[in-house]
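# Chain and residue survey
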Amino acid sequence: DQQVKQNSPSLSVQEGRISILNCDYTNSMFDYFLWYKKYPAEGPTFLISISSIKDKNEDGRFTVFLNKSAKHLSLHIVPSQPGDSAVYFCAASNSGGYQKVTFGIGTKLQVIP
Amino acid sequence: DGGITQSPKYLFRKEGQNVTLSCEQNLNHDAMYWYRQDPGQGLRLIYYSQIVNDFQKGDIAEGYSVSREKKESFPLTVTSAQKNPTAFYLCASAPGVYQPQHFGDGTRLSIL
């Protein structure tokens, strides 16, 4: 049973526009959420995180929004750049830290120049 | 350059043989982790260690073993008891359990 779901396997966006990647979760005990980016043949790279006491966290072009009532989070990338083309993993933890993190299956983003 | 090194990048073994995957970090991180990734699935936690000489099972520990004798090293042994060992294995580390994990570039293991 997938506790962290990324229902869109892929997404294409024009350069300069907004990319919105979505993630749903089922475990209401999750209290930390993260996004990772992965290029081919490389390991995932941490992008941004948010704790359950917040509903928004921003870092440069990347913003994560958390809607606890809907058990939904999203990653916004504005403006999108070709270098953002990668697989994005949503992840969540309910251990009070990051000891045991549950990952989604990923969404492949393609930013078209 | 600080980072996490996984070697080798590709590994082939015959069925029934144990195989050990290497993971070394020079980031002075306390916590280290092993994940497995299969096609169409997210990363799944195999084992993790928060300090030297201590480690805990993750969600799919059966058929795997680890050791943490040194802070910088967290090798993973895939034993012959692991029913479906062919997968992509990722090692990660973090300064502590309250910081996000940094990943190595992975080892792709194929059982012939």
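Up top is the structure these notes are about.
Residues numbered from 1 in each chain as written. Chains lettered and ligands numbered in written order. Predicted model: local features only at pLDDT ≥ 70, side-chain atom pairs only at ≥ 80, totals over all residues. Heavy atoms only, no water.

## Thoughts on the overall build of chain A
What counts is decided by this rule: For helices the rule is a DSSP run of H or I covering at least 4 residues; for strands it is a run of E covering at least 2, with both sets numbered from the N terminus onward. Computation of the radius of gyration draws on C-alpha atoms alone. For the globule rule, the value is 2.2 Å times the number of residues to the power 0.38. Accessibility here uses a 1.4 Å probe with only protein chains present; expressed as a share of the type maximum, an area under 20% marks a residue as buried, one over 50% as exposed, and anything in between as partly exposed.
A count of helices and strands for chain A gives 0 helices and 11 strands. Helices (α) and strands (β) of chain A occur, in sequence order from the N terminus, as β-β-β-β-β-β-β-β-β-β-β. For chain A, the C-alpha radius of gyration of 13 Å lies close to 13 Å, the compact-globule estimate for 113 residues. Across its three principal axes, chain A shows a C-alpha extent of roughly 40 × 30 × 20 Å. Expressed as a percentage of its 113 residues, the buried residues of chain A come to 44%.

## Digging into the pairing of strand E6 (residues 54–57) of chain B
Residues and elements named next belong to chain B. Applied cut-off: Here the rule is simple: two strands pair whenever DSSP picks up at least two bridges between them.
Of the pairings in the sheet, the one linking strand E5 (residues 44–51) to E6 comprises 3 bridges and is antiparallel in character. Note that in E6 the partner of Tyr-48 across the bridge is Gln-56. Counted between consecutive antiparallel strands, the loop separating E5 from E6 contains 2 residues, among which Asn-53 sits at a positive phi close to 65°.

## Quick word on the sheet that holds strand E1 (residues 4–7) of chain B
Residues and elements named next belong to chain B. Counted only if it meets this: In this analysis, axes come from line fits to C-alpha atoms, helices being fitted only over the stretch in contact, and the angle between any two N-to-C directions falls in the range 0 to 180 degrees.
An order of E1-E3-E8-E7 is seen for the 4 strands of this open sheet, with the pairing classed as antiparallel. Whereas interior strands pair on both sides, the edge strands pair on one side only; in this sheet they are E1 and strand E7 (64–66). On average, adjacent strands in this sheet sit at an angle of 20° to one another, irrespective of strand direction. With 3 bridges joining them, E7 and strand E8 (residues 76–78) adopt antiparallel strand pairing. Note that in E8 the partner of Tyr-64 across the bridge is Val-78.

## A few points about the side chain of Ser-49 of chain B
Residue and element names in this part refer to chain B. Put simply, the rule is: A 3.5 Å cut-off defines polar contacts: any pair of N or O atoms within that distance qualifies, except that in protein one atom must be a possible hydrogen donor and the other a possible acceptor, and neighbouring residues in sequence count only when both atoms are side-chain atoms. Contacts are assigned to residue pairs with any non-hydrogen atoms lying within 4.5 Å of each other.
Tracing the backbone through its elements, the reader meets Ser-49 in strand E5. Using a relative accessible area of 0% as the deciding quantity, one classes Ser-49 as buried. In this structure the side chain of Ser-49 is engaged in a polar contact, spanning 2.6 Å, whose partner is the backbone oxygen of Asp-54. Within the structure, Ser-49 has its side chain in polar contact with the side chain of Arg-68 (distance 2.8 Å). Discounting residues that sit within four places of it in the chain, Ser-49 has contacts with Asp-30, Ala-31, Met-32, Asp-54, Phe-55, Arg-68 and Phe-74.

## Describing the interface of chain B and chain A
Short version of the rule: Each of two parts loses accessible area, computed with a 1.4 Å probe, when they are put together; buried area is these two losses added. Criterion for a salt bridge: a side-chain nitrogen of Lys or Arg within 4 Å of a carboxyl oxygen of Asp or Glu. Just so you know the grouping, Ala, Val, Leu, Ile, Met, Phe, Trp, Tyr, Cys and Pro go in nonpolar, Asp, Glu, Lys and Arg go in charged, and all remaining residues, Gly too, go in polar.
On the side of chain A, 19 residues touch chain B, which itself brings 23 residues to the contact. Between chain B and chain A, the buried area comes to about 1700 Å², and carbon and sulfur atoms account for 60% of it. Three residues, Leu-43, Pro-100 and Phe-103 of chain B, lead the burial of chain B against chain A; their summed loss comes to 27% of the area buried on that side. Applying the counting rule to chain B against chain A returns 1 salt bridge. Across the pair Lys-100 of chain A and Asp-59 of chain B runs a salt bridge whose closest N-O atoms are separated by 3.7 Å. On inspection of chain B and its partner chain A, the count reaches 4 residue pairs in polar contact (both at pLDDT 80 or more). Along the lines of polarity and charge, the residues of the side of chain B that touches chain A split into 11 nonpolar, 8 polar and 4 charged.

## Considering the nonpolar core
The criterion, for reference: Throughout this description, the term nonpolar core refers to a set of buried Ala, Val, Leu, Ile, Met, Phe, Trp, Tyr and Cys residues connected via side-chain atoms within 4.5 Å.
With 23 residues, the main nonpolar core has Phe-33, Trp-35, Leu-73, Leu-75 and Tyr-88 of chain A as its most contacted residues. Among the elements that line this core, the one with the most residues is strand E9 (residues 86–93) of chain A, at 4 residues. In this structure Leu-73 of chain A touches Leu-21, Asn-22, Cys-23, Tyr-25, Phe-33, Trp-35, Val-64, Phe-65, Leu-66 and Cys-90 of chain A, once residues within four positions along its chain are discounted. Among the nonpolar cores identified, the runner-up in size contains 20 residues, and Cys-23, Ile-60, Val-66 and Cys-91 of chain B belong to it.

## Topic: the side chain of Ser-51 of chain A
On the secondary structure map, Ser-51 of chain A appears in strand E5 (residues 45–51). Ignoring sequence-local partners within four residues, the contact set of Ser-51 of chain A consists of Asp-31, Tyr-32 and Leu-66 of chain A.

## Some words on the state of the cysteines
Residue and element names in this part refer to chain A. Definition in use: Disulfides are defined as pairs of cysteine sulfur atoms found within 2.5 Å of each other.
For the coordinates displayed, the defined rule picks out 2 disulfides over all chains. Each disulfide pairs two cysteine sulfurs, and for Cys-23 the partner residue is Cys-90, the sulfurs being separated by 2.0 Å. In this structure the cystine formed by Cys-23 and Cys-90 twists about its S-S bond by roughly -75°; its chirality is therefore left-handed. Of this pair, Cys-23 sits in strand E3 (residues 19–25) while Cys-90 sits in strand E9; the two residues are 67 residues apart in sequence, bridging distant segments of the chain.

## Some details on the packing of aromatic side chains
Rules: Any two rings among Phe, Tyr and Trp, with Trp reduced to its six-membered ring, count as a pair given centres within 6.5 Å; such a pair is stacked if its planes are under 30 degrees apart, edge-to-face if over 60, and tilted if neither.
In this structure the tally under the stated criterion is 13 aromatic pairs over all chains. Residues Phe-103 of chain A and Tyr-35 of chain B carry aromatic rings whose centres are separated by 5.4 Å and whose planes lie at 85° to one another, so their mutual orientation is edge-to-face. Of this pair, Phe-103 of chain A sits in strand E10 (residues 101–103) while Tyr-35 of chain B sits in strand E4 (residues 31–37), on two different chains. On the basis of relative accessibility, which here comes to 0%, the residue Tyr-35 of chain B falls in the buried class. Taken together, Tyr-36, Phe-46 and Phe-103 of chain A together with Tyr-33, Tyr-35, Tyr-48 and Phe-103 of chain B form an aromatic cluster joined through their ring pairs.

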